[in-house]
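The lines below spell out each chain.
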Amino acid sequence: MRELTGQQVVDAIRAETEKTLEALGGYVPTLAIVRVGENVPQLSYEKGAKKRMQNFGLDVKTFVFPEDVTPEVFFQRFREINADSAIDGVLLLKPLPEQLDVRRAEQMIDPEKDLDGISPVNIARVFAGEEAGFAPCTAEAVMETLRTYEVPVHGKRAVVVGRSLVVGRTLAMLLLRDNATVTICHTQTKDLKEECKKAEILAVAAGRAKLIDRDYVSAGCVILDVGINADENGNLCGDVNPEGLSDLAAALTPVPRGIGAVTTSVLAKHLVQAAARRLL
Ligand SMILES: Nc1nc(=O)c2c([nH]1)NC[C@@H]1CN(c3ccc(C(=O)N[C@@H](CCC(=O)O)C(=O)O)cc3)C=[N+]21
């Protein structure tokens, strides 16, 4: 079994962004991270994103609001951040506390700065199979990983476990755009094992630690593990249990250092693209 580590994909994405940065002639794009409260998964994504931006030579401004911020204050500032010409892209960390209507934020975000594809405009573009616009970074990270490792997608049977808008559903659309035959599985799927065993490409974004083991996998399957969970000992683990897969699967992305590392690189790529579309 091949281990599809993120680093090689990160390097390929960095090389691509460097070309675009050169065309921008020394302009340094700036990412705005907008966070409300101190939610742990959001803090770890923010930390990873900041490190990656630094690593790619990009700037970050962080806007932090208290958990109990009023809608008036939050949306006023969010509107200003969006309109700020010194900001090339915006990452709004989700979920938002309940007093803030997330749909209002999604509709407000400038689609040209919407690096994680949360605006209805960008969602529509992805679901229409268009190349323009920004797809959610994690779903695109899976496609970048397949591309870098030259895993053929065209005509393959792909099974996606998980139907969240940000990952599973979107990833299904990206796989479909590349001519895979796609099945989406979820918590109400009758025989998950049998469905997964049909997969030549198995992408798991279920949000359940070690849900998938060798009983779900056919020989030669390429497995993409999108999960980031904490195991019994508090260590990061994926939605896939790698034990017993090595003589069965053709390839697997590790957790950590797999899709998660690629996700922040796609965010960086989108930031550079957003700046280029605005300035070139
Ligand atoms: N608009 C939006 N998009 C998101 O994608 C989004 C979000 N909001 N809100 C929060 C959740 C949570 N999330 C995480 C990402 C990485 C790690 C993580 O642990 N990353 C490590 C390790 C990753 C690895 O190597 O596999 C790192 O980046 O260094 C955790 C959590 C994203 N989310």
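About the thresholds
- Residues numbered from 1 in each chain as written.
- Predicted model: local features only at pLDDT ≥ 70, side-chain atom pairs only at ≥ 80, totals over all residues.
- UniProt positions renumbered as here; feature names shortened; annotations may be inferred.
- Core = buried A, V, L, I, M, F, W, Y, C linked by C-beta atoms within 7 Å.
- Buried ≥ 20, exposed ≤ 12 C-beta atoms within 10 Å, placed from the backbone.
- Helix = DSSP H or I, 4+ residues; strand = E, 2+ residues; numbered from the N terminus.
- Domains from an automatic or database assignment.
- Near = placed C-beta within 6 Å.
- Nonpolar A, V, L, I, M, F, W, Y, C, P; charged D, E, K, R; others polar.
- Pairing = 2+ DSSP bridges.
- Contact = placed C-beta atoms within 7 Å.
- Axes fitted to C-alpha atoms, helices over the stretch in contact; angles between N-to-C directions.
- Expected span 1.5 Å × (residues − 1).

Per an unreviewed UniProt entry, the protein goes by the name Bifunctional protein FolD and belongs to Stomatobaculum longum. For the record of the protein, the UniProt heading Subunit (unreviewed entry) holds the text "Homodimer." Under the Sequence similarities (unreviewed entry) heading, UniProt states for the protein: "Belongs to the tetrahydrofolate dehydrogenase/cyclohydrolase family."

Visitor: Quick one: what's the story with the nonpolar core, residue by residue and with numbers?
Guide: Ranked by size, the top nonpolar core spans 79 residues in total, and within it Val142, Val160, Leu171, Leu202, Ala203 and Val204 carry the most contacts. Of the residues forming this core, the biggest block, 10 residues, is contributed by helix 9 (residues 259–279). Inspection of this core shows a minimum of three residues originating in each of domain 1 (25–112) and domain 2 (137–260).

Visitor: Can you explain the site of the ligand? Please cite residues and give values.
Guide: Taken together, 18 residues lie near the ligand, and Pro41, Tyr45, Gly48, Pro256 and Gly260 sit nearest. The set of elements that each furnish at least two residues to the shell around the ligand consists of helix 2 (40–55) and helix 9. Class assignment for the residues of the shell around the ligand results in eight nonpolar, seven polar and three charged. Counting contributing residues per domain, the shell around the ligand is built from domain 1 (25–112) and domain 2 (137–260), each supplying no fewer than three.

Visitor: Go over the UniProt feature "domain: Tetrahydrofolate dehydrogenase/cyclohydrolase catalytic" (unreviewed entry) in the protein, please, and point to the residues and values.
Guide: Here, the residues flagged by UniProt with the feature "domain: Tetrahydrofolate dehydrogenase/cyclohydrolase catalytic" (unreviewed entry) are residues 4–116. Secondary structure across residues 4–116 comprises 48% helix and 16% strand; the distance between its end C-alpha atoms is 23 Å.

Visitor: Could you give me a rundown of the domain arrangement of the protein, with the residues and numbers involved?
Guide: Each assigned domain of the protein is listed here: domain 1 (25–112) and domain 2 (137–260). Between the C-alpha centres of domain 1 and domain 2 there is a distance of 28 Å.

Visitor: Can you lay out the sheet that holds strand 7 (residues 201–204) for me, pointing to particular residues and giving the numbers?
Guide: Taken together, the six strands give an open sheet; going across it, the order is 1-11-8-7-5-6, and neighbouring strands pair in parallel fashion. This sheet does not close on itself; its edge strands, each paired only once, are strand 1 (2–3) and strand 6 (181–185). Contacts between helix 7 (residues 165–177) and the sheet are confined to strand 5 (157–161), strand 6 and strand 7, with strand 6 contributing the most and set at about 170° to the helix.

Visitor: Just give me the short version of helix 6 (residues 137–148), but keep the residues and values in it.
Guide: The end-to-end C-alpha distance of helix 6, which contains 12 residues, comes to 16 Å, matching closely the 16 Å that a straight helix rising 1.5 Å per residue would cover. Counted residue by residue, helix 6 has 10 buried out of 12 residues, so it is predominantly covered. Taken together, the buried positions of helix 6 are occupied by Cys137, Thr138, Ala139, Glu140, Ala141, Val142, Met143, Glu144, Thr145 and Leu146. On the buried face of helix 6, the contacting elements are helix 1 (6–23), helix 7, strand 7, strand 8 (222–225) and helix 9. One or two residues past the end of helix 6 sits Glu150, with phi positive at roughly 55°.

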